[in-house]
Amino acid sequence: MSKMQLLASVTVLLVAYCVQAKVYFREDFLDGDEWRSRWVDSKHKSDYGKWKLTAGDFYGDAEKDKGLQTSQDARFYASSARFEPFSNEGKSLVIQFTVKHEQKIDCGGGYVKVFPADLDQTAMHGDSSYYIMFGPDICGYSTKKVHVIFSYKGQNHLIKKEIKCMDDELSHLYTLILNPDQTYEVKIDNKMVESGSLEEDWDFLPPKKIKDPEAKKPEDWDDRAKIDDPDDTKPEDWDKPENIPDPDAKKPDDWDEDMDGEWEPPMIPNPEYKGDWKPKQMDNPNYKGTWVHPEIDNPDYSPDLTIYKFDNIGVIGLDLWQVKSGTIFDNFLITDDVKEAEDIGNETWGVTKEPERKMKQEQDDLKRKEEEEKNKEQDTHTEEDEDEDEGEEDNEDEEDDDEEEEEDDAKPKDEL
Ligand SMILES: *[C@@H]1O[C@H](CO)[C@@H](O)[C@H](O)[C@H]1NC(C)=O
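Rules behind the numbers
- Residues numbered from 1 in each chain as written.
- Predicted model: local features only at pLDDT ≥ 70, side-chain atom pairs only at ≥ 80, totals over all residues.
- UniProt positions renumbered as here; feature names shortened; annotations may be inferred.
- Helix = DSSP H or I, 4+ residues; strand = E, 2+ residues; numbered from the N terminus.
- Contact = placed C-beta atoms within 7 Å.
- Buried ≥ 20, exposed ≤ 12 C-beta atoms within 10 Å, placed from the backbone.
- Near = placed C-beta within 6 Å.
- Nonpolar A, V, L, I, M, F, W, Y, C, P; charged D, E, K, R; others polar.
- Pairing = 2+ DSSP bridges.

You'll find the chain entered in an unreviewed UniProt entry as Calreticulin, with Hippocampus comes given as the organism.

Here is the structure:
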């Protein structure tokens, strides 16, 4: 091999090495109970809910679909896993995982939080400061959304857009992509559902433009589109009393002025009453339109091209509340490579989703059939009961007669 060739192949190797995807964290729960050595339970409260490793009641693959399931109702859950700390400076950041609410969730979180490496995992709780919170949240009919929250200068900022989450019982893949050009993308099941720029879709920075505090609406600015017609005057016969004495009323014959006082007819609404007079409206010849407050560049605004950047990413955590437990989290992935994440999503969720759906379908069908059979059985039972009744009737004529009498008695009542 010539020097030149050697150099070329080293370069190729180097380039290949450089574009290689970096996977910072991956957790598929494929090694039995070993996950317990990687996931740390918070001790902040003593009654956190317990996780169970399971593929659930239906799945695409009994082993691959094993994940962490919330197993106790009405509990907080707080566990986290650590990885080699990194900064996403100059690189994309992809956070991805699957959520399966197989319990028909009524209210509960399905999101992850990504923390700085200095988090004390055993002390993690709802107020522990995090970098990113991402994933579905369901409560009742009104809250069914995907959270995308970023911490910026010590404050959490919620996305201003509403992203709907999935609310069925199947596994779904949630992906957040954060790019160094300060754009982002949210995907569900490897399909883009939202995208845009950090600056526009969150309120990290003060607005670029503000209303000019120096500008004031001129005193003589006339913004009345219509005015009273000065030529229109109130007709002289306009004013009439609102109520008048009833002309048809008569003093009762037995009215006693000494006892009852002077008789006065009751008042009735005056048919000639026209209400308050208002002049006709006309176009205002001096109308200038609505005054628009001029805007100026906001002196408090300065662009920040590092909003996307988190310097010490080191922990991913599940910190959530669930009313009805049963949610399974699986296929956690944090990487700098969008394509790799999509590939892994396809290789995990993408492969098991269809058999999972089938198994669920079969279970539902079976349940329905059993239900139908039960109903049918009940129907036959009722018929048998009727047969028995007939038998009894034969044996106990007297009672039968009574019943007939009762029936006869009842009939006229029904007709009433
Ligand atoms: C993932 O799967 C989808 C649907 O089958 C396909 O369109 C897409 O190209 C796949 N992505 C990759 C990176 O292979």
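### With respect to the UniProt feature "binding site: an alpha-D-glucoside" (unreviewed entry) in the chain
The residues that UniProt annotates with the feature "binding site: an alpha-D-glucoside" (unreviewed entry) are Tyr 111, Lys 113, Tyr 130, Asp 137 and Asp 319. In this fold, Lys 113 is placed in strand 8 (residues 112–116). For Lys 113, the residues in contact, after removing those within four places along its chain, are Tyr 130, Met 133, Gly 317 and Asp 319. Residue placement: Asp 319 occurs in strand 21 (residues 313–322). Asp 319 gets classed as buried once you count the C-beta atoms within 10 Å, which come to 24.

### A look at the site of the ligand
For the ligand, the full set of nearby residues is Asn 190, Lys 339, Glu 342, Asp 343, Asn 346 and Gly 350. The biggest single contributor to the shell around the ligand is helix 5 (residues 338–347), with four residues. When grouped by side-chain class, the residues that make up the shell around the ligand number no nonpolar, three polar and three charged.

### Overview of the pairing of strand 8
Taking burial as the measure, the five residues of strand 8 include four buried ones, the bulk of the element. Both strand 8 and strand 9 (residues 132–139) contribute to a ladder of three bridges, which runs antiparallel. By the bridge assignment for strand 9, Val 112 is matched with Phe 134. As defined by bridge partners, strand 8 adjoins strand 21 across four bridges and the pair is classed as antiparallel. Considered in strand 21, the bridge of Phe 115 is made with Val 315.

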